[in-house]
Amino acid sequence: MAAADDNLSEWSPSAAKDAESVKVRCHNVSVMYGDRVGLKDVSLNIPDRAVTALIGPSGCGKSSFLRCLNRMNDTIPDAQVSGEIIINGVNVNSADVDPVALRASVGMVFQNPNPFPKSIFDNVAYGPRIHALADGKEALEAIVHRSLRRAGLWDEVKDRLSEPGTSLSGGQQQRLCIARAIAVSPDMILMDEPCSSLDPVATARIEELIDELRARYCIVIVTHSLQQAARVSQQTAFFHLGKLVEMDDTGRIFTNPAEGRTHDYITGRFG
Amino acid sequence: MPFAWYAFVLLAAAGMASYTAGRVQALFLKFQSGKALRSSEGLHGIFILMATCLPMFLGLAVLASVDGPIVRGALVSELPERLLALPTVQLDQYLEQLWYLTGQSDVQLSDPFDDAARWRIVALMGQVRLVGGGSIVAMGLAGYWFASRFQTVDAPIRDYLETTLRMIFFASAAVAVLITIGILASLVFQGVRFFAFVNPLDFLFGTSWNPSNNQDFGAIPLFFGTIGIAIIAMAVAAPIGILSAIYLSEYASPSFRRVAKPAMEVLAGIPTVVYGFFAILLVAPIIRSLARSVNQLTWVPDGFLAAQPNSALAAGLVMGIMIIPFVSSVTDGVLRSVPDEYREGALALGSTRAEMILRIVLPAARPGIFAALLLGVSRAVGETMIVVMAAGQRAQITLDATSDMTTVTAQIVSLLIGDSAFDSPRTLSAFALGGVLFLVTVIFNLIALRVVRQYRTAYG
Amino acid sequence: MADPKEINMSHTGALSGVRVVRTRRIVDRVLKGLAISCVGLSIAFLAVIILSVVSISLRALTQYQLFVVLTPTLERLLPESASNVSDIGNNMEGFNTLVLEEVHSVLGEPLLSDSNHIELFAPLAVASIAEATAESPNLLGVSRQYRIPISSVFDQYLKGQIADESFGSLSQASMFSEMKPSAAGRASGDLYSVGFREMPRDIKTAMNRKRADLPSIFVETDNAIFQVISVADDQLILEKRVGDIVPEPDRIDYRVVWTPEVQRAILDQQIAEVNYLKRAGVIRPALNLRFLSSGDSTYPELAGILAALVGSFLTLIVTALISVPIGIMAAIWLEEFAPRNRLTTFIEVNINNLAAVPSIVFGLLGAAVLLNFFGLPRSAPIVGGLVLALLTLPTVIIASRAALNAVSQDIRTAALSLGASPMQMVIDHVLPVAAPGIITGVILGLARSLGETAPLLLIGMVVFIGEVPSGVGDEATTLPVLIYKWSTGAERAWEPLTAATIVVLLIILVLMNVLASYLRQRYERR
């Protein structure tokens, strides 16, 4: 707890120089799964229009933290989330926030590509349809086309929009999922190890995409790959044993971390 | 059953003798050659035992099933003209009576001929069993002789045994095919005899069913009743079954599921005759009184609803209750095999749970749910006791569900429940109906099984 | 999963342009509500079925019986033509006369012979007494109390199933006074009057009914029962039905039988007599032990399930002896030895299909092949068991395959690597591990076959079986078939018996299921 607070204050100066650009402020966020502690007293700020990478060994709580940001932990029976998570001035963890609306503004991309068993078009159009974002067919098509373009998939699928989403390759499926998330015009995109099931070429393509998307969205990415964190992120947070060890500019974390444990992890002593 | 006792004693004696003989022979070989046996002497014993007793067992089974017909044939050939001139049914009855009387040795028969014929049956039976028993013993000896030639010190007796066992296992699996063949054969054979009396087109498309006069065999009213009652049943079972499955797989907490799912499966374990009793006890009277009060409404014409004590509605509703667990458990399995990634993906896009279920999970599970419904329909069409007890016996085509109707299965029962002289179109028609029933349910089952299998490979 | 937070949300706009519209939330709530009410409905159906059957079966728990002291003697019971003492066992009439004399000694005069509809007890009801006496002649000449079930109509009446009744006490009634026969106008018996201060409301209502459905009103004391034939302002005019008059009885009760005489199976006179016998302690309720200890009967009060229970047991034995070994061997072949080829697929499809073929088709198979072609006896457990074995076989195979399939592949690999042959591997290693699962599946399959009815109807098992069958070749019936047969009985007295039989059947099924799940749990713990 003390360590987390220290990290926060250490990081604060950089946050302070651009206070407006902080997208998410978390204070003492904890997650319990029944009797088991998933995450303990995490406090950190996430900058807007930048990529924040969450790293750490398996079971360190980075995914639990990510799932707090769009309240996906609600879907797990007997998961308990406490603490404050303030996005755009609203504590999304309070009881009067509708997770449905929250999730519409905080998109998520999962470890394994999970396109619905529908056509490519319907996959992307699903979100706009349920939230009634488009007036009429043309508007809907426009949203779908724009989202596919932003996800860098348009050229590959423009002639086969009615084919099932599952007919695409793994990397394409993942980009389809990104397009699907973009289509509801979220403020943030959460990515839970989006490349872990992809080959290096597809991974490179997704990383490029993340870099492009950074201009418009606040992106939080959980990754197992330190190289990937170094390549795509501006900020990096290191989690260990359910706690935040430290968070800083990516460059600093990888070259000169404040904590010994971070250093050990970066250099491959454990994890 | 003294015959069964004799057979058992014979088999047991042969078994013990052959096992001992095989074992002793093996020990003798071992002693004689001074080498170790490749397979243990116990295996030698079992090997000889199987070689001796298997043919005997099969022979006994054959004897038990053919001794009656053989004696009967021999007796009929000795009967005088006056009896042979009788119609078949009467002759059968006469013989059956004689047969029964063979067991009543203390009863004196008034007719000396009958008395003699009765003792003739006993004598013939004795002869047949003596000859049969003799040949069975010979078969056992032959088996013993054949197998004992294989007994050497390094005979792979284990391999022989394992091959035999494997063949027995295969034969057991093949019994399933035999059952299907037996069903097909009995339905087709008796069905063909029926269609010698009745034109198949009249049967399939006739609208008048009155088998008691051996003339009107138009099965349309039965098909109508069957389909109508199945529709009522599915109208109950499909929504309740599917929605229950949705609750259990999408909403329920694990602890609720642990209690509720077995409770629903109890419904599937209740014998159908209990459902039938429930239908005539509680449901039919309620429906009848409701229908009567509808009839009493001022704007309803007099006698608008039939309000019969037996009704298609009562049978259909109760059948629906019976089918709920079948629909719900298959649907539940199907829903649970829809990958959780779809659910997470949908929720992460801001779907409500209902949107997730209605737009993502159910469409993904559609083929499986279709198969569940098909299995439900197949069960409804083949269900017998509920309709026999609660639907009625009157073959009629009416849209009034408070009226009594009859179904294919109910008619099969009422045609065959009496006696089974298989020579009138009346009794044979049951097999034609059974054939239609078998065909329809098999088609439904095969489609459903195929859909389920494809579905499983899709999400494997 | 069902998080209430998800439903009661209001705060949305601050986060994005998306508003969760009311209708979306309503749809969500409606679907969840519908879904859980369907689960509730299914369980409610189960509860209604069980409760209705159990509540009706309770009426079969007791039956009203005549408790009479009889003195059977050789002189009275041995017909002159017969010489053997054992012939007493066939002399139903003699025993009937003994019982009737005893009853009439209580009633005063042989009144029941006047009521032409039903006898107080079935002539066959004395059969067990007659047989017992014939078997042990030392009962002759001894006065003992015997119990004889009364006719089901009277039994049902006393259980309140035939007529609606109200009772009460004429607490402030004055003494009886005899009336001149002429005073009441229409005289058929002894007329009396009884005065009272306040007429009970039941009687008032009853007397105001239309003539067509006029209820019958009785006035009862410990010594006599009267029927009300008219009512004056302060007195009831009574006609004595049975018993002796005592001028000042301790208490005077009344009984209003709302169901008019023409609409019920029991006459006014019979009601009076039965109630009189009940007050006298001659008719008393007793546990219906006969239900568990005797075979079927044409009289509901004498019928029992023992023959069907034994028939079910014999049938189950035959089913198990055939389907279990064949089923397990078939499962072993399919799971362990079958090559992946067309023949195997064909056999598998066959088995899966047979599992869903309607049971009545198996009945047709039995009728055509076993009865007609092989000439096996009708109505015999051997045939019933065979048919049910064919029906159960696919279930046993499928369950056993699942159990074999669940055995870890490691065990197989380990056994094979030690040089065991595939057959040794299966018999020594795989089967013992799979055994609990197989047994569980087998028990469940057999439980299903125990409740099967339709195929047995087609092979003639719906017959009257009074005697307990002694072997698999005898004529027999089974519990579900007995349920079917009794449920179609015309008299309402069969209803509680049917329900009680169902309860017995369900108890057996529950026990089998409990056994199966106990085995499964032990298996899973290992």
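Note that the structure is predicted; figures quoted are calculated from it, not measured.

Engineer: Please give an account of the overall build of chain C that cites residues and values.
Structural biologist: Along chain C, the regular secondary structure elements total 17 helices and ten strands. Expressed as a percentage of the 526 residues in chain C, the buried residues total 45%. Within chain C, contacts between residues separated by at least 24 positions form 75% of all contacts whose residues are at least 6 apart in sequence.

Engineer: Mind laying out the overall build of chain A, listing which residues take part and the relevant values?
Structural biologist: Scanning chain A for helices and strands turns up eleven helices and ten strands. Here the C-alpha radius of gyration of chain A, 18 Å, is about what a compact globule of 271 residues would show, namely 18 Å. A principal-axis box enclosing the C-alpha atoms of chain A has dimensions of 55 × 40 × 40 Å. Counting only residues that meet the buried cut, chain A has 49% of its 271 residues in that class. The long-range share in chain A, meaning contacts at least 24 apart out of those at least 6 apart in sequence, stands at 69%.

Engineer: Lay out the packing of helix α9 (residues 254-269) of chain B against helix α11 (residues 312-336) of chain B in plain terms, naming residues and giving numbers.
Structural biologist: All names here are of chain B. For the pair α9 and α11, the least separation of the axes is 8 Å and the interaxial angle reads 130°. With respect to each other, α9 and α11 are oriented oblique. In the crossing of α9 with α11, the sense of the turn from one axis to the other is left-handed. On α11, the residues touching Met264, Glu265, Leu267 and Ala268 of α9 are Ile321, Ile324, Pro325, Phe326, Ser328 and Ser329.

Engineer: Requested: an account of the nonpolar core, with residues and values cited.
Structural biologist: Across soluble globular proteins, nonpolar side chains have a tendency to be buried as a group. Of all hydrophobic cores here, the largest spans 341 residues; its most connected members are Ala279, Ala315, Val318, Ile386 and Ala390 of chain B together with Ala330 and Leu364 of chain C. In terms of residues, this core owes the most to one element, helix α8 (residues 220-251) of chain B, which gives 18 residues. In contact with alanine 390 of chain B, not counting residues within four places along its chain, are Gly276, Ala279, Ile280, Ala284, Asn310, Ala314, Ala315 and Val318 of chain B. Phe47, Leu49, Met50 and Leu60 of chain B belong to the second-largest nonpolar core, a separate cluster that totals 17 residues.

Engineer: So what's going on with the pairing of strand β8 (residues 235-243) of chain C? Residues and values would help.
Structural biologist: Residue and element names in this part refer to chain C. Sheet topology note: the strand β5 (residues 191-195)/β8 ladder contains five bridges and is antiparallel. In the sheet register, serine 193 faces β8, and the bridge partner there is isoleucine 237. As paired strands, strand β7 (residues 224-231) and β8 are joined by seven bridges and run antiparallel to one another. Looking across to β8, one finds that alanine 224 is bridged to glycine 243.

Engineer: So what about the interface of chain C and chain B? Which residues, and what values?
Structural biologist: If you look at the interface, chain C gives 73 residues, while chain B gives 78 residues. Counting residues per element, the ones that place at least two in the side of chain C that touches chain B are α1 (22-57), α9 (306-337), α10 (342-354), α11 (359-373), α12 (381-405), α15 (454-458), α16 (479-487) and α17 (494-525) of chain C. Looking at which element gives the most residues to the side of chain C that touches chain B, the answer is α1 of chain C, with 19 residues. Each residue belonging to the side of chain C that touches chain B can be placed in one class, and the counts come to 52 nonpolar, 16 polar and five charged.

Engineer: Quick one: what's the story with helix α14 (residues 422-450) of chain C, residue by residue and with numbers?
Structural biologist: Helix length check: α14 of chain C, at 29 residues, gives a terminal C-alpha distance of 36 Å against a target of 42 Å (1.5 Å per residue), a shortfall beyond 12%. At leucine 431 of chain C, α14 of chain C shows its strongest bend, of approximately 55°, with the proline proline 432 of chain C following within four residues.

Engineer: Before we move on, can you summarise the sheet that holds strand β5 (residues 90-91) of chain A with the specific residues and values?
Structural biologist: Strand-to-strand pairing in sheets goes through backbone hydrogen bonds, with the strands running parallel or antiparallel. Residue and element names in this part refer to chain A. Within the open sheet, the four strands sit side by side as β2-β1-β4-β5. Their pairing is antiparallel. Whereas interior strands pair on both sides, the edge strands pair on one side only; in this sheet they are β2 (36-47) and β5. Where strand β4 (residues 79-87) meets β5, two bridges bridge the pair, whose relative direction is antiparallel. Among the inter-strand pairings, isoleucine 87 is bridged to a residue of β5, identified as valine 90.

Engineer: So what's going on with the sheet that holds strand β2 (residues 144-149) of chain C? Which residues, and what values?
Structural biologist: Residues and elements named next belong to chain C. Strand order across the open sheet formed by three strands is β2-β1-β10, with antiparallel pairing between neighbours. Unpaired on one side and paired on the other, β2 and β10 (283-287) mark the two borders of the sheet. Between one strand axis and the next, the sheet turns by 45° as a mean value, whatever way the strands run. Sheet topology note: the strand β1 (residues 62-70)/β10 ladder contains five bridges and is antiparallel. In the strand pairing of β10, glutamine 65 is matched with arginine 284.

Engineer: Before we move on, could you go through unusual backbone geometry and cite the residues and values that matter?
Structural biologist: Its identity as a non-glycine residue notwithstanding, alanine 132 of chain A has a phi of 50°, on the positive side. Locating alanine 132 of chain A in the fold gives a position in the loop between α4 (120-130) and α5 (136-150). Of note in this structure, serine 379 of chain C is not a glycine but carries a positive phi near 65°. Assignment of secondary structure puts serine 379 of chain C in the loop between α11 and α12.

Engineer: Give a detailed account of the confidence of the model for chain C, specifying residues and quantitative values.
Structural biologist: All names here are of chain C. When pLDDT is averaged along chain C, the result is 85, and 89% of the positions lie at 70 or above. This model gives residues 1-17 a pLDDT under 50, and the stretch forms 46 contacts once residues within four places in sequence are excluded. Contacts from residues 181-187, a stretch scored under 50 in pLDDT, to residues over four places away or in other chains number eight contacts.

Engineer: Explain the packing of helix α12 (residues 340-348) of chain B against helix α13 (residues 353-382) of chain B to me, using residue names and the numbers behind them.
Structural biologist: Residues and elements named next belong to chain B. Taken N-terminus to C-terminus, the directions of α12 and α13 make an angle of 155°; their axes are 10 Å apart at the nearest point. Classified by the angle their axes make, α12 and α13 are roughly antiparallel. Regarding α12 and α13, the two cross each other, and that crossing is right-handed. Note on element contacts: α13 touches α12 through Met356, Ile360, Val361 and Ala364, opposite Tyr342, Arg343, Ala346 and Leu347. Class assignment for the residues of the contact of α12 with α13 results in seven nonpolar, no polar and one charged.

Engineer: Quick rundown of the confidence of the model for chain A? Include the residues and the values.
Structural biologist: Close inspection of predicted coordinates is inappropriate in any region flagged by low pLDDT. Chain-level pLDDT for chain A is 87 on average; 92% of the residues reach the 70-or-more range. Below pLDDT 50 for its whole length, residues 1-19 of chain A participates in 19 contacts with residues either more than four positions away or in separate chains.

Engineer: Could you give an account of the environment of isoleucine 87 of chain A, naming the residues involved and the relevant values?
Structural biologist: The topology assignment puts isoleucine 87 of chain A in strand β4. Taking the C-alpha atoms as reference, isoleucine 87 of chain A lies 9.6 Å from aspartate 187 of chain A; in sequence the two are 100 residues apart.

Engineer: Give me the environment of leucine 306 of chain C: which residues, what numbers.
Structural biologist: Residue and element names in this part refer to chain C. Following the sequence through the fold, leucine 306 ends up in helix α9. When the 17 C-beta atoms within 10 Å are taken as the criterion, leucine 306 is described as partly exposed. When the C-alpha positions of leucine 306 and leucine 515 are compared, they lie 23 Å apart, and in sequence the two are 209 residues distant. Those residues within four positions of leucine 306 in sequence are excluded, and the remaining contacts are Leu292, Ser293, Ser294, Gly295 and Val468.

Engineer: I'd like a rundown of the environment of alanine 95 of chain A, residues and numbers included.
Structural biologist: Within the fold, alanine 95 of chain A resides in the loop between β5 and α3 (99-105). Put simply, alanine 95 of chain A and alanine 183 of chain A are 88 residues apart on the chain and 27 Å apart in space, counted from C-alpha to C-alpha.

Engineer: Report on helix α2 (residues 41-78) of chain B, specifying residues and quantitative values.
Structural biologist: Compared with the 56 Å implied by 1.5 Å per residue over 38 residues, the 54 Å span of α2 of chain B between its first and last C-alpha is a close match. Taken as a whole, α2 of chain B carries its principal kink of about 40° at valine 66 of chain B; the proline proline 69 of chain B stands between one and four residues after it.

Engineer: Give me the lowdown on the pairing of strand β9 (residues 253-257) of chain C, citing residues and values where you can.
Structural biologist: All names here are of chain C. Summarising burial for β9: four of the five residues are buried, a large majority. Here five bridges tie strand β3 (residues 165-169) to β9, and the two strands are oriented antiparallel to one another. Note on β9: the bridge partner recorded for serine 169 is aspartate 253. Both strand β6 (residues 216-220) and β9 contribute to a ladder of five bridges, which runs antiparallel. Note on β9: the bridge partner recorded for phenylalanine 218 is arginine 255.

About the thresholds
- Sequence order sets the numbering: in each chain, residues are counted from 1 along the sequence as written.
- Here every chain gets a letter starting at A, and every ligand a number starting at 1, in the order they are written.
- Residue-level local features of this predicted model are given only where pLDDT is at least 70; pairs of side-chain atoms are given and counted only at 80 or more, and the full residue set underlies all totals for whole chains, interfaces and linings.
- Each helix is a run of H or I in the DSSP string that is no shorter than four residues. Each strand is a run of E no shorter than two, and both are numbered from the N terminus.
- Three exposure classes are used, all based on how many other C-beta atoms lie within 10 Å of a residue's own C-beta (placed from the backbone): buried at 20 or more, exposed at 12 or fewer, and partly exposed between those limits.
- We call two residues in contact when the distance between their C-beta atoms, placed using the backbone, is within 7 Å.
- With C-alpha atoms as the basis for the radius of gyration, the globule rule is written as 2.2 Å multiplied by the number of residues raised to the power 0.38.
- Note on method: axes are straight lines fitted to C-alpha atoms, helices fitted across the in-contact stretch only, with angles between N-to-C directions ranging 0 to 180 degrees.
- Roughly parallel means an angle under 35 degrees; roughly antiparallel, over 145; roughly perpendicular, 65 to 115; everything else is oblique.
- With the far helix as reference, a near helix turned anticlockwise by less than a right angle produces a left-handed crossing, and one turned clockwise produces a right-handed crossing.
- By definition, a nonpolar core groups buried Ala, Val, Leu, Ile, Met, Phe, Trp, Tyr and Cys residues that are joined through C-beta atoms within 7 Å.
- Two strands qualify as a pair provided DSSP detects at least 2 bridges between them.
- Charged means Asp, Glu, Lys or Arg here, nonpolar means Ala, Val, Leu, Ile, Met, Phe, Trp, Tyr, Cys or Pro, and polar covers whatever is left, Gly included.
- What a helix should span is 1.5 Å times the count of its residues minus one.
- Fitting one axis to the seven residues ending at a residue and another to the seven starting there, the bend at that residue is the angle between the two axes.
- The quantity known as pLDDT measures the predictor's confidence residue by residue, on a range of 0 to 100.

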